[in-house]
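If you want the building blocks of each chain, they are given just below.
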Amino acid sequence: MKHKPIIGLDDAFGSRAKALRNMQGKLLELFEAAGYEEVIPPILERPDALKSGAGRFLADQTVVFSDPAGAGTLAIRSDMTPQIARIAATRLQAEAVLKLCYSGTVMLARPDVRGGSRQQWQTGVECLGVAGAAGDIEVLHLAARSMLAAGFNKPVLQVGHIGLLKALVAGCSTPLEKWTALLARRSPDDLLEITRNEPLAQDRVDALVALARGRGDQHWIAENVGKFGADFDQAANELLELVQQVGERVEGDVSLYADAAVMPRFLYHSGILFAGYAAGASQALLYGGRYDAMMKAHGRDMPATGFSCDLWALIDEV
Ligand SMILES: N[C@@H](Cc1c[nH]c[nH+]1)C(=O)O
């Protein structure tokens, strides 16, 4: 009997296998030169370690199974950032600043994008213990350099802040993951439909629709300061200052701009967020952001920012 591959999973051999290793080598070399040390966590975790501070959303994206060796319910990791959070909060607790990098397979319960892959070869960095904008700035520069090393065509970094959306939909019963999904899909009509059942003032509805239409650039953010309360203003100012500090061109070749509609893949980010694009690619190829709240949920209150990308997507789309 011939076994067919599972839909959404793939094998690599020949030139594809070489390209994957090559890409991995380039990125790990870059991370190491920037002072990031490699960690190699296991592919299995307790579901709680993956969920802590990340909530249901990540759990829905995770394959769980009952361990035949009696260790209870186990999860195949769907993301490595929560593993780094666990390690930083437990085994590396003695170090105040941690700069860590990783490269390993993660498995998604369902693909991120229609017809996409369920397996990703996640490669990235996490910068922990560097307070304020300094950590974000360091990670954004390293993301830009990674995009150049990976050969992105016309690389662009879009930077947002989850606090903007949270402030706009405060008091709504629709969960945050629903809003982020609709905004990530850029579907203003579906979004409008949901706002009908929510106690939202018209100016908030207009703001959400503007985001779904992709109109949340720097000017839009600045214009809206003062309209939606202190939390919105704090997030907006943090984002505008960061973008101003880093500048519109990073490493000479990477364009960077603010976009309030940048949405996270998972819901554990609690500050700035960013996505990296290459001209001609069908999807964002790099994701990152700040997740101090997830560190707190893991029992170690410390600042944390990082990014990751999928080597499979890089070799296919760059
Ligand atoms: N792991 C996140 C990106 C990230 C890394 N560190 C912080 N955020 C993702 O894949 O979406």
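Notes on the structure follow. (Residues numbered from 1 in each chain as written. Predicted model: local features only at pLDDT ≥ 70, side-chain atom pairs only at ≥ 80, totals over all residues. Heavy atoms only, no water.)

Quick look at the site of the ligand now. Of all residues adjacent to the ligand, which total 14 residues, the nearest are D79, T81, E126, R265 and H269. One of the side-chain nitrogen or oxygen atoms of D79 is found 2.8 Å away from a nitrogen atom of the ligand. In the model, a nitrogen atom of the ligand is placed 3.4 Å from a nitrogen or oxygen of the G306 main chain. Surface burial for the ligand is 99%, taken as the share of its 300 Å² of free accessible area covered by protein chains. Placement of the ligand is best described as lying within the largest cavity. Of all elements in the fold, only β6 (119-128), β11 (286-290) and β12 (304-310) reach the threshold of two or more residues within the shell around the ligand. A breakdown of the residues in the shell around the ligand according to their chemical character gives 4 nonpolar, 7 polar and 3 charged. (Near = heavy atom within 4 Å. Polar contact = N/O pair within 3.5 Å; in protein donor to acceptor, adjacent residues only side chain to side chain. Areas by Shrake-Rupley, 256 points an atom, 1.4 Å probe, with all protein chains shown as cover. 1 Å grid on protein atoms, 1.4 Å probe; cavity = no way out; pocket = protein on both sides within 12 Å on 5 of 7 lines; lining within 4 Å. Sits in = over half its atoms within 2 Å of the grid points. Helix = DSSP H or I, 4+ residues; strand = E, 2+ residues; numbered from the N terminus. Nonpolar A, V, L, I, M, F, W, Y, C, P; charged D, E, K, R; others polar.)

There is a patch of like negative charges on the surface, built from E29, E32, E37, E38 and E95. Of all the elements in the fold, those that place two or more residues in the negative patch are α1 (14-33) and β1 (37-38). Within the secondary structure layout, E37 lies in strand β1. (Patch = residues over 30% accessible without salt bridge, like charges linked within 9 Å, V, L, I, M, F, W, Y side chains within 5 Å. Salt bridge = Lys/Arg side-chain N within 4 Å of Asp/Glu carboxyl O. Lys, Arg positive; Asp, Glu negative; His and termini not counted. Charge placed at Lys NZ, Arg CZ, Asp CG, Glu CD.)

Formed by 73 residues in total, the largest nonpolar core has its most connected members in F31, L157, V159, W179, F274, F307 and L314. Ranked by residues supplied to this core, first place goes to helix α11 (residues 230-246) with 8 residues. Apart from the residues lying within four places of it in its own chain, the contact partners of V159 are L140, L239, L242, V243, L256, Y257, A258, D259, V262, I272, L273 and F274. V39, A54, F266 and A304 belong to the second-largest nonpolar core, a separate cluster that totals 20 residues. (Core = buried A, V, L, I, M, F, W, Y, C linked by side-chain atoms within 4.5 Å. Buried < 20%, exposed > 50% of the residue type's maximum accessible area, 1.4 Å probe, protein only. Contact = heavy atoms within 4.5 Å.)

Interpretation in functional terms is not warranted from these geometric data alone.
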